[in-house]
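Fold and geometry: a report
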Amino acid sequence: MTATRQPAVAGTFYPDDPAELRTAIERLLDAAPETGGRAPKAVVVPHAGYVYSGPVAAHAYRALARDAALIRRVVLIGPAHYVPLDGAALPTVEAFLTPLGRVPLDGAACDALAAWPGVMRSDRAHAEEHALEVQLPFLQVSLRDFAIVPLIVGEARHQDVADWLDVVWGGAETRIVVSSDLSHYHAYETARRRDRATAMAIEMSDFSRIGFDDACGAVPIAGLLAAARPRGLAVRRLDLRNSGDTAGPRQRVVGYGAWAFN
């Protein structure tokens with residue numbers, strides 16, 4: 001067992017120089033509008049390179065930062081992009097490393113999740129995965145002293161994800177970050193239309209209308225919606241854009257959204 005997962009996309013999805021990385025994130029957070037109100041219990045954020053999706057993700061992290069003094073655990077959930085999974089995977093490592101330093105895992109929470117059907121241990125599933133890694137530097141700049149529960153989801157039902165979330169839901173010390181991009185590689189106006197429909201489905205908690213062509217993290221999003229509904233959490237849109245709005249051409253774009261659950 002390797003004690004620490006090494007970064008896989010530092011230098012590509014985000015800067016690998018610590019000072020440059022911290023400065024980039026601080027600028028993104030400073031540019032994000034202050035939304036006011038309570039810090040969210042859960043957020044949905046994108047996971048592309050920072051030049052593309054960073055301005056959208058920053059909205060959610062600026063909102064989370066209001067409770068930086070309270071937050072001690074972050075449950076990170078995202079889709080498996082590289083390794084086929086039947087269920088979900090936790091790593092065996094003790095920490096994840098980024099250019100900003102070491103982020104420890106919450107061992108007790110991971111052990112509790114690993115005892116559930118459908119949850120396995122697999123460092124291979126996490127080794128090259130960017131969906132969770134790109135969230136870590138944002139969390140390191142936004143929060144203070146925290147541990148993570150990193151869960152990569154493959155083939156699973158939304159109710160499975162909701163059940164897993166119930167295990168680690170916790171109180172004010174725990175927040176949930178679901179990592180997902182929206183539509184992929186459509187023309188600009190087509191993407192805007194599709195992503196608006198997905199946004200409405202999320203905000204209406206209608207996960208039956210969110211498919212894999214709408215969001216690569218469709219199952220994690222649906223699981224969060226299912227877990228949030230009985231708790232009476234309201235969903236609020238923070239941002240909805242695509243790569244054609246941020247840094248890319250408009251012929252083939254990727255959609256990004258950020259939502260807060262209070």
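Summarised in this report is the structure supplied together with it. Sequence order sets the numbering: in each chain, residues are counted from 1 along the sequence as written. This being a predicted model, a pLDDT of at least 70 is required before a residue's local features are given, and a value of 80 or more before pairs of side-chain atoms are given or counted; all residues contribute to the totals for chains, interfaces and linings. The side-chain numbers reported here are obtained from all heavy atoms of the structure, hydrogens and water having been left aside.

1. Some thoughts on the overall build of the chain
- Helix and strand assignments come from DSSP, with helices taken as H or I runs of at least 4 residues and strands as E runs of at least 2, each series counted from the N terminus. When helices and strands are tallied, the chain shows ten helices and twelve strands.
- The dimensions of the chain, computed from C-alpha atoms along their principal axes, are 45 × 40 × 35 Å.
- Categorising residues by exposure relies on relative accessible area from a 1.4 Å probe, with only protein chains included: less than 20% of the type maximum marks a residue as buried, more than 50% marks it as exposed, and the intermediate range marks it as partly exposed. Counting every position in the chain, which comprises 262 residues, the buried fraction comes to 56%.
- By sequence separation, contacts in the chain at least 24 residues apart represent 82% of the contacts at least 6 residues apart.
- Element-wise, carbon and sulfur atoms account for 51% of the exposed surface of the chain, whose accessible area totals about 10500 Å².
- The sign given to each residue is positive for Lys and Arg and negative for Asp and Glu; His and the chain ends receive no count. All charge positions are set by atom: Lys at NZ, Arg at CZ, Asp at CG, Glu at CD. Of note, the chain has its 27 positive side-chain charges centred 6 Å away from the centre of its 30 negative side-chain charges. Working rule for contacts: check all heavy atoms of both residues, and any pair within 4.5 Å makes them a contact. In short, Shrake-Rupley with a 1.4 Å probe defines the accessible areas, and a residue's cover is counted only from the protein chains shown.

2. Focus on the side chain of aspartate 67
- With respect to the helices, strands and loops of the structure, aspartate 67 is situated in the loop between helix 2 (50-64) and strand 3 (73-79).
- Counted as a polar contact is a pair of N or O atoms within 3.5 Å, where, for protein atoms, one must be capable of donating a hydrogen and the other of accepting one, and residues adjacent in sequence contribute only when both atoms are in side chains. Engagement of the side chain of aspartate 67 in a polar contact is seen with the side chain of arginine 175, the distance being 2.7 Å.
- Excluding residues within four positions of it along the chain, aspartate 67 makes contact with Ala39 and Arg175.

3. Regarding the packing of aromatic side chains
- Each Phe, Tyr or Trp ring (for Trp, its six-membered ring) is paired with any other whose centre lies within 6.5 Å, and the angle between the two planes then decides the class: stacked below 30 degrees, edge-to-face above 60, tilted in between. Scanning the model with the defined rule gives three aromatic pairs in all.
- Residues tyrosine 50 and phenylalanine 138 carry aromatic rings whose centres are separated by 5.0 Å and whose planes lie at 55 degrees to one another, so their mutual orientation is tilted. With tyrosine 50 in helix 2 and phenylalanine 138 in helix 6 (residues 135-142), this pair connects stretches of sequence that are 88 residues apart. Like phenylalanine 138, tyrosine 50 is buried.

4. Describing the side chain of threonine 98
- The residue threonine 98 is located in strand 5 (residues 95-98) in this model.
- Under the relative-accessibility criterion, threonine 98 is labelled buried at 4%.
- A distance of 2.6 Å separates the side chain of threonine 98 from the side chain of glutamine 140, its partner in a polar contact.
- Once residues within four sequence positions are removed from consideration, threonine 98 is found in contact with Pro7, Leu136, Pro137 and Gln140.

5. Remarks on the packing of helix 7 (residues 158-168) against helix 9 (residues 218-228)
- Angles here are taken between N-to-C directions and fall from 0 to 180 degrees, while the axes themselves are lines fitted to C-alpha atoms, restricted in helices to the stretch in contact. Two elements in contact, helix 7 and helix 9, have axes separated by 7 Å at closest approach and are oriented at 60 degrees. When the axis of helix 7 is compared with that of helix 9, the two are oblique. Once helix 7 is placed against helix 9, the crossing between them reads as right-handed. On helix 9, the residues that touch His158, Val161, Ala162, Leu165 and Asp166 of helix 7 are Val219, Pro220, Ala222, Gly223, Leu224, Ala226 and Ala227.
- Residue classes in the contact of helix 7 with helix 9 are distributed as nine nonpolar, two polar and one charged. Note on terminology: angles under 35 degrees are roughly parallel, angles over 145 are roughly antiparallel, angles of 65 to 115 are roughly perpendicular, and the others are oblique. In this scheme the handedness of a crossing depends on how the near helix is turned from the far one: anticlockwise by less than a right angle means left-handed, clockwise means right-handed. Note on residue classes: Ala, Val, Leu, Ile, Met, Phe, Trp, Tyr, Cys and Pro are nonpolar, Asp, Glu, Lys and Arg are charged, and everything else, Gly too, is polar.

6. Focus on the sheet that holds strand 5
- Taken in spatial order, the three strands of this open sheet run 1-5-6, and their pairing is mixed. Sheet topology places strand 1 (4-5) and strand 6 (101-104) at the edges, where each strand pairs with a single neighbour.
- By this definition, two strands are paired if DSSP reports at least two bridges between them. Note that strand 1 and strand 5 share two bridges and pair parallel. Paired with threonine 4 across the two strands is alanine 95, which belongs to strand 5.

7. Overview of the environment of leucine 139
- Note that leucine 139 resides in helix 6.
- Apart from the residues lying within four places of it in its own chain, the contact partners of leucine 139 are Tyr61, Leu64, Val74, Leu76 and Phe146.

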